[in-house]
Amino acid sequence: MNQHTLNSTPSTMDLDAIRRDFPILSRQVRDGKNLIYLDNAATTLKPRQVLDVVYDHYAYGASNIHRGVHFLSEEATKLYEGARETVRRFINARETAEVIFTSGTTSAINLVAKSWGRKNVSAGDEIIITHMEHHANIVPWQMLREETGCVLKIAPINDRGELDMAAFESLITPRTKMVAVVYTSNSLGTINPVRDIIRLAKVHGAAVLLDAAQTVAHTKVDVQSLDCDFLVFSGHKLFATSGVGVLYGKRAVLEAMPPLMGGGDMIKSVTFEKTTYAGLPARLEAGTPAIGGAIGLGAAIDYIQKIGFAAIADQEKDLLAYATGLLSELPGIRIIGTAAEKTAIISFVVDGIHPHDMGTLLDAEGVAVRAGHHCTQPVMARFKIPATTRASFSFYNTRADADALVHAIKKAIEVFA
Ligand code: PLP
């Protein structure tokens, strides 16, 4: 447990107790500095409640799922399918058949682009994405464009990093087959008006994919209320381990998708002449999945639901306002991404200091942030910068963490003065 004082916040959470759930927060780095972890958009930390179930699975329950008849296999299958039900409830999908475990957001989007895309998109059809997409929601559609001759349209953003909704609307035509947008930008922090986006897309019968990689750890997502066709996210950004993620799709949409990968677990019967496929969700989950990872994801969801999104939102809102206020006062700083609707991500550049140098100097103080293009090179080009330094907060962060960040930036500014 870090020894620094936890400044008062309006939160109702017991922050001390919560921070004790995360063993890594007791680590010291760089010559005895307390770890200040502000790289949550890259990956979140893992609480004991998740680590324990993953450990228990591999220590006492390791077994493959679905195919076994023995005790351990039945038990692992029950836990894996239980995690699917936990995810279903978490995003309010109608049924577990609509929850496909993938290896993460990237693989989920690739599955949609390659399976749904090849089936539904032809030359001249249009895919709309935005200027603030992560590369994971750009490159798969470019690959589909190469294959099919479809058109990729880019909805512009303004200087605050908000989607230009009028421009977005003008891009949609009867030939628009897919609108694939990031729900929450990982480099700008912008929370997009996804309900309006979905409403406009539906007018022209376009499908909608929401990249919720930066959303599900911060706010309640309800796929039925949103009425999106697809929603994707990664376990490792939701306090679970890497290697597991989720593709939600409406049943009718998923059922019409040809499997992308063939192999074990996704078949009903195989002869050399003909193979018939299993139903959902198995049909889209060929091979042995990340069993422990999925079980851990279920535990992660249980964990954050106990804390509750109301308390999480209070805490993160406070941290965003507090840190933004402090950072704004620093000389030569420019915050990249100042949308009215923002998650607790602050990207910034400081005059005369390369973002990578800033990241290294912050690291010397024990402050872990991200420096680079954050897999959003078009965003960097839009703001005419090579990179940013990015501090991203989670509910276990404190105002003292923000103070430590600001203190470290001030020191970096002095080094370069
Ligand atoms: N989309 C967004 C908005 C992200 O922030 C990320 C990861 O940073 C991804 C997609 C890709 O996620 P993963 O690498 O877990 O597949």
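What counts, and at which threshold
Residues numbered from 1 in each chain as written. Predicted model: local features only at pLDDT ≥ 70, side-chain atom pairs only at ≥ 80, totals over all residues. Heavy atoms only, no water. Axes fitted to C-alpha atoms, helices over the stretch in contact; angles between N-to-C directions. Helix = DSSP H or I, 4+ residues; strand = E, 2+ residues; numbered from the N terminus. Parallel < 35°, antiparallel > 145°, perpendicular 65-115°, else oblique. Left-handed = near helix turned anticlockwise from the far one by under 90°. Contact = heavy atoms within 4.5 Å. Nonpolar A, V, L, I, M, F, W, Y, C, P; charged D, E, K, R; others polar. 1 Å grid on protein atoms, 1.4 Å probe; cavity = no way out; pocket = protein on both sides within 12 Å on 5 of 7 lines; lining within 4 Å. Points joined across faces, edges and corners; volume = space filled by probe spheres on them. Near = heavy atom within 4 Å. Polar contact = N/O pair within 3.5 Å; in protein donor to acceptor, adjacent residues only side chain to side chain. Pairing = 2+ DSSP bridges. Buried < 20%, exposed > 50% of the residue type's maximum accessible area, 1.4 Å probe, protein only. Lys, Arg positive; Asp, Glu negative; His and termini not counted. Salt bridge = Lys/Arg side-chain N within 4 Å of Asp/Glu carboxyl O. Expected span 1.5 Å × (residues − 1).

A. Geometry of the packing of helix α3 (residues 71-91) against helix α10 (residues 291-307). Relative orientation of the contacting elements α3 and α10 amounts to 40 degrees, with a least axis distance of 8 Å. Comparing the axis directions of α3 and α10 gives the class oblique. The handedness of the crossing between α3 and α10 comes out as left-handed. Each of Ala76, Leu79, Tyr80, Ala83, Thr86, Val87 and Phe90 in α3 lies in contact with α10, whose residues at this interface are Ile291, Ala294, Ile295, Leu297, Gly298, Ile301, Asp302, Ile304 and Gln305. Split into classes, the residues belonging to the contact of α3 with α10 amount to 12 nonpolar, three polar and one charged.

B. Expanded view of the packing of helix α2 (residues 48-60) against α10. Close contact between α2 and α10 brings their axes to 8 Å; oriented N to C, the two are set at 150 degrees. With respect to their mutual orientation, α2 and α10 come out roughly antiparallel. Crossing hand, α2 versus α10: right-handed. When α2 is examined against α10, the residues Gln49, Val50, Val53, Val54, His57 and Tyr58 are found in contact with a partner set consisting of Ile291, Gly292, Gly293, Ile295, Gly296, Ala299, Ala300 and Tyr303. Taken together, the residues that form the contact of α2 with α10 break down as nine nonpolar, five polar and no charged.

C. Quick look at empty space enclosed by the protein. Throughout the structure, instances matching the rule amount to one cavity of 30 Å³ or more. If you add up the space inside the largest cavity, you get close to 50 Å³. What lines the largest cavity is simply Asn40, Ala41, Gln214, His218, Thr343, Ala344, Ile345, Ser392 and Phe393. Residues that form the lining of the largest cavity fall into these classes: four nonpolar, five polar and no charged.

D. Geometry of the site of the ligand. In the vicinity of the ligand, the residues found are Thr105, Thr106, His134, Ala136, Val182, Asn186, Asp211, Ala213, Gln214, Ser234, His236 and Lys237. Within the side chain of Gln214, an N or O atom sits 2.7 Å from an oxygen atom of the ligand. The residue inventory of the shell around the ligand, partitioned by class, reads three nonpolar, seven polar and two charged.

E. Spotlight on the sheet that holds strand β8 (residues 207-211). One open sheet accounts for seven strands, arranged β4-β10-β9-β8-β7-β5-β6; its pairing is mixed. With partners counted over all chains shown, the strands left at the sheet margins are β4 (99-102) and β6 (151-155), one partner each. Neighbour to neighbour, the strand axes of the sheet diverge by 20 degrees on average, direction disregarded. Here five bridges tie strand β5 (residues 126-130) to β6, and the two strands are oriented parallel to one another. Along β6, the bridge assignment pairs Thr130 with Ala155. Strand contacts of α3: β4, β9 (230-234) and β10 (245-249), with the helix running at about 120 degrees to β4, the strand carrying the most contacts. Docked against the sheet, helix α4 (residues 105-120) engages β4, β7 (176-182), β8, β9 and β10, running at close to 155 degrees with respect to β9.

F. Broad picture of the side chain of Glu316. Locating Glu316 in the fold gives a position in helix α11 (residues 309-328). The side chain of Glu316 sits in the buried core without any salt bridge; Lys317 is the nearest counter-charge, 11 Å away. Polar side-chain contacts of Glu316 include one of 3.2 Å to the backbone nitrogen of Phe395. Apart from residues lying up to four places away in sequence, Glu316 is in contact with Ala217, His218, Ala344, Phe393, Ser394 and Phe395.

G. Just α10, in detail. Helix length check: α10 (17 residues) gives 25 Å between terminal C-alpha atoms against 24 Å at 1.5 Å per residue, within 8%. For α10, the buried fraction is high: 14 of the 17 residues fall into the buried class. Just downstream of α10, Gly308 is the residue with a positive phi angle, here 95 degrees.

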